[in-house]
Amino acid sequence: PLGELTDLMVRRIRAGDLVAAAKFGTPRPIDDPVRERQVLEDVRTRSVAMGLDPESAVRFFRAQIEANKAVQRGLYVRWTRHPDEVPDERPDLLTDVRRRLDGLTTEILVDLKETEQLRRSVVSCEVQAKLAERSAAVVHHLDEVHEDALARAMRAVCS
Ligand SMILES: O=C(O)C(=O)C[C@]1(C(=O)O)C=C[C@@H](O)C=C1
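Keep in mind that what you see is a predicted model, and the values were worked out from it rather than measured.

*Asks:* Help me understand the site of the ligand in this model?
*Replies:* Around the ligand sit Val19, Asp31, Asp32, Arg35, Glu36, Val39, Ile65, Asn68, Lys69, Arg98 and Leu101, and those are all the residues in its vicinity. Elements represented by at least two residues in the shell around the ligand include exactly helix 2 (33-50), helix 3 (54-81) and helix 4 (93-114).

*Asks:* What's the story with the environment of Arg120 in this structure? I'm lost.
*Replies:* Along the polypeptide, Arg120 turns up in helix 5 (residues 116-120). It is 5.4 Å that separates the C-alpha atoms of Arg120 and Ser159, two residues lying 39 residues apart in sequence.

*Asks:* Got a minute to help me understand helix 4 in this structure?
*Replies:* Count 3.6 residues to each turn of an α-helix, and residues three or four apart come out pointing the same way. Along its 22 residues, helix 4 runs 30 Å from first to last C-alpha, staying within 8% of the 32 Å computed at 1.5 Å per residue. Of all the bends found along helix 4, the most pronounced is centred on Arg99 and spans about 25 degrees. Its buried side turned inward, helix 4 meets helix 1 (3-23), helix 2, helix 3 and helix 5.

*Asks:* How should the packing of helix 6 (residues 122-139) against helix 7 (residues 144-154) be read in this particular structure?
*Replies:* Two numbers describe a pair of packed helices, the interaxial angle and the distance between the axes. Between helix 6 and helix 7, the least distance of the axes is 11 Å, while the angle of their chain directions is 160 degrees. With respect to each other, helix 6 and helix 7 are oriented roughly antiparallel. Seen along the crossing, helix 6 lies across helix 7 with a hand that is right-handed. Residue-level inspection shows Ala129, Glu133, Ala136 and Ala137 of helix 6 in contact with helix 7, the latter providing Glu147, Leu150, Ala151 and Met154. Class assignment of the residues belonging to the contact of helix 6 with helix 7 gives a composition of six nonpolar, no polar and two charged.

*Asks:* Would you mind going over unusual backbone geometry with me for this structure?
*Replies:* Across the chain, the bulk of peptide bonds are trans and the bulk of non-glycine residues have phi less than zero. Look at His141: it is not a glycine, yet its phi comes out positive at around 50 degrees. Of note, His141 is situated in the loop between helix 6 and helix 7.

*Asks:* Would you mind showing me how to read the nonpolar core here?
*Replies:* Soluble globular proteins tend to pack their nonpolar side chains together in the buried interior. With 36 residues, the main nonpolar core has Ile13, Ala57, Ala67, Val71, Ala149, Leu150 and Ala153 as its most contacted residues. The set of elements that each furnish at least two residues to this core consists of helix 1, helix 2, helix 3, helix 4, helix 6 and helix 7. A per-element tally of this core places helix 1 first, with 10 residues. Not counting residues within four places of it along the chain, the set of residues in contact with Ala57 comprises Val43, Ser47, Leu52, Leu109 and Leu112.

Calculation notes
- Residues numbered from 1 in each chain as written.
- Predicted model: local features only at pLDDT ≥ 70, side-chain atom pairs only at ≥ 80, totals over all residues.
- Near = placed C-beta within 6 Å.
- Helix = DSSP H or I, 4+ residues; strand = E, 2+ residues; numbered from the N terminus.
- Expected span 1.5 Å × (residues − 1).
- Bend = angle between axes of the 7 residues up to and from the residue.
- Contact = placed C-beta atoms within 7 Å.
- Axes fitted to C-alpha atoms, helices over the stretch in contact; angles between N-to-C directions.
- Parallel < 35°, antiparallel > 145°, perpendicular 65-115°, else oblique.
- Left-handed = near helix turned anticlockwise from the far one by under 90°.
- Nonpolar A, V, L, I, M, F, W, Y, C, P; charged D, E, K, R; others polar.
- Core = buried A, V, L, I, M, F, W, Y, C linked by C-beta atoms within 7 Å.
- Buried ≥ 20, exposed ≤ 12 C-beta atoms within 10 Å, placed from the backbone.

In structure tokens form, the structure reads like this:
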């Protein structure tokens, strides 16, 4: 039941690779508190409009942002040690990567709404979340950096 939401979380985590590729070797820092506030304000407003608990949605997205930063930091370490692994192309953060993240926000909010009942029932939610996390790690061939990020992101699934 949490498979679709988990897949979307993995897609957001994978978008962290693009964020890292856009920022690595530029003066732009991994942490952008202004952008984080914009993302979370947007989530809050749209949750209210959708009848989702805004506090829980914001908490969920805070965890997704932390997971995204963990990916960026992990890749920075990897790329500093192995410069040959740095992607050849630098995507554009504003027009390419953040647009993709904004699209994922919409999809994730819809899925949060669809799974609201299940996520409120703490015990079954924890069981389903573990199942979804394990199968996503296998299906998406996640390496350690991305698996750790997913574990971090999953902490806020059960409300
Ligand atoms: O948009 C960025 O610059 C990102 O790094 C992505 C993101 C996010 O997950 O939405 C993560 C960290 C930043 O502090 C702001 C936002």
